[in-house]
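Chain residues, written in single-letter form:
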Amino acid sequence: MQTTIRSAVTFTGTGLHSGRRARMTVHPASAEYGIWFRRADVIGRDAMVQAHWSAVENARLCTEIANAHGVRVSTIEHLMAALAGCGIHNALIEIDGPEVPILDGSAAPFAAAFLARGVRELDAPLRCFEVLKPVEVRDGAAVARLEPAETLEIDFEIDFADPAIGRQRKRLSMANGAFLRELSDCRTFCRQADVDAMLAQGLALGGTPGENAVVFDGDRVVSPGGLRRADEPVRHKMLDALGDLALAGAPILGRYTGSRAGHAMTNRLLRALFADPTAYRIVECDDAQRRLLPGTGVNRADIPAVA
């Protein structure tokens, strides 16, 4: 069955890149609605933006979607990961600014609020995209790939020159609340040199080391309080991947492999998948398949206690 949130929940906070404060409310929605954003501050233009791979226009530092009238919403990936990780398929997200609040830099605050409200089943079948054959995109040493699997799996590898990050790899099935337990609390991260460069460009204005981002400088973790997990960076990349894959419009049954990949490559991968009708099929999920999807059978206890 498709689902939605039981009652509306509101978040307020600044955007990581814009530094602008926004109020955002996630509302329940009917079956077959999908995930849509509505810019409450936009007047005289279409304020509705669909959370869909085809609406992604910028994915350099974050995932940004836009409609035909140029109305945009950015940094949606953590929110999308939380929706997918809680098994929420339909929602209307009303926001009075151009960027989703970064909160603590992870998906945990979103997920905790959703599960506190509860998830309601809708009288409509749940359909998934089943990957039928490997699809891959490359950009130099970076690779993103989808291939057949019984449920959604994510296998990610990163490799940074900074000794404090280095090479990290992790592979997880997203079934049985694994996203909430293993990934949801992992925060966005960057290097000090990147922070300096972004600030010079007028970006990362809402970033605060230790509060909503982990900052590395060579062999040091600059952020007060250090890491939540020893391999927090690669886990956060997996969180991002789940959020970006959620823009498919329905759950994916397949194994995602990313090596040095980011938002842009995951979006390119979805475009490549849906450009090839022989690479996937739409299936109506039976009970056995549903039990393997992210968000099935989860509760608030699955979310780690974070500072």
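Everything in this summary refers to the structure shown in the same document.

Rules used in this analysis
Starting from 1, residues in each chain are numbered consecutively following that chain's sequence as written. Since the coordinates come from a predicted model, pLDDT governs what is reported: local features require at least 70, and pairs of side-chain atoms require 80 or more to be given and counted, while whole-chain, interface and lining totals use all residues. The basis for every side-chain value is the complete set of heavy atoms in the structure, and neither hydrogens nor water enter the calculation. For the purposes of this analysis, a disulfide is any pair of cysteine sulfur atoms at a distance within 2.5 Å. Two strands are said to pair when DSSP picks up at least two bridges between them. Helix and strand definitions follow DSSP, with helices as H or I runs of at least four residues and strands as E runs of at least two, each counted in order from the N terminus. Any two rings among Phe, Tyr and Trp, with Trp reduced to its six-membered ring, count as a pair given centres within 6.5 Å; such a pair is stacked if its planes are under 30 degrees apart, edge-to-face if over 60, and tilted if neither. For every residue, the accessible area obtained with a 1.4 Å probe (protein chains only) is divided by the maximum for its type, and the residue is called buried under 20%, exposed over 50%, and partly exposed between those limits. Axis angles are defined between N-to-C directions and span 0 to 180 degrees, where every axis is a line fitted to C-alpha atoms and, for a helix, only to the segment in contact. Contacts between residues were defined by any pair of non-hydrogen atoms, one from each residue, lying within 4.5 Å.

Describing the state of the cysteines
Part 1 of the argument: With the rule as written, the count across this model stands at one disulfide.
Part 2 of the argument: There is no disulfide at Cys86, and the cysteine sulfur nearest it, in Cys186, is 15 Å away.

Examining the sheet that holds strand S16 (residues 189-191)
Part 1 of the argument: Pairing within the open sheet is mixed, and its three strands lie in the order S16-S17-S18. This sheet does not close on itself; its edge strands, each paired only once, are S16 and strand S18 (220-221).
Part 2 of the argument: The sheet contact formed by strand S17 (residues 214-217) and S18 spans two bridges and is antiparallel. Directly across from Asp217, in S18, lies its bridge partner Arg220.

Observations regarding the packing of aromatic side chains
Part 1 of the argument: Counted according to the given criterion, the structure contains nine aromatic pairs.
Part 2 of the argument: The interplanar angle of 75° and the centroid separation of 5.0 Å between the aromatic rings of Phe11 and Phe110 together place this pair among those described as edge-to-face. Placement of the pair is Phe11 in strand S2 (residues 9-14) and Phe110 in helix H2 (residues 108-117), with a sequence separation of 99 residues.
Part 3 of the argument: Take Phe11: its relative accessible area is 8%, and that puts it in the buried class.

So, the sheet that holds strand S12 (residues 135-139)
Part 1 of the argument: The mixed open sheet is built from five strands, whose spatial order is S12-S13-S20-S14-S15. Of all the strands in the sheet, the pair left with one neighbour each is S12 and strand S15 (167-173). Each neighbouring strand pair of the sheet contributes to a mean axis angle of 5°, computed without reference to strand direction.
Part 2 of the argument: Taken together, the seven bridges between strand S14 (residues 153-159) and S15 define a ladder with antiparallel strand orientation. The residue bridging Ile154 from the neighbouring strand is Leu172, located in S15.
Part 3 of the argument: Contacting S14, S15 and strand S20 (255-259), helix H5 (residues 232-245) runs over the sheet at an angle of about 130° to S14.
Part 4 of the argument: Across the face of the sheet, helix H6 (residues 263-275) comes into contact with S12, strand S13 (142-147) and S20 while running at roughly 140° to S12.

Points about the environment of Ile93
Part 1 of the argument: Take Ile93: it is sitting in strand S9 (residues 91-95).
Part 2 of the argument: You can call Ile93 buried: its relative accessible area is 0%.
Part 3 of the argument: With 43 residues separating them along the chain, Ile93 and Gln50 place their C-alpha atoms 10.0 Å apart.

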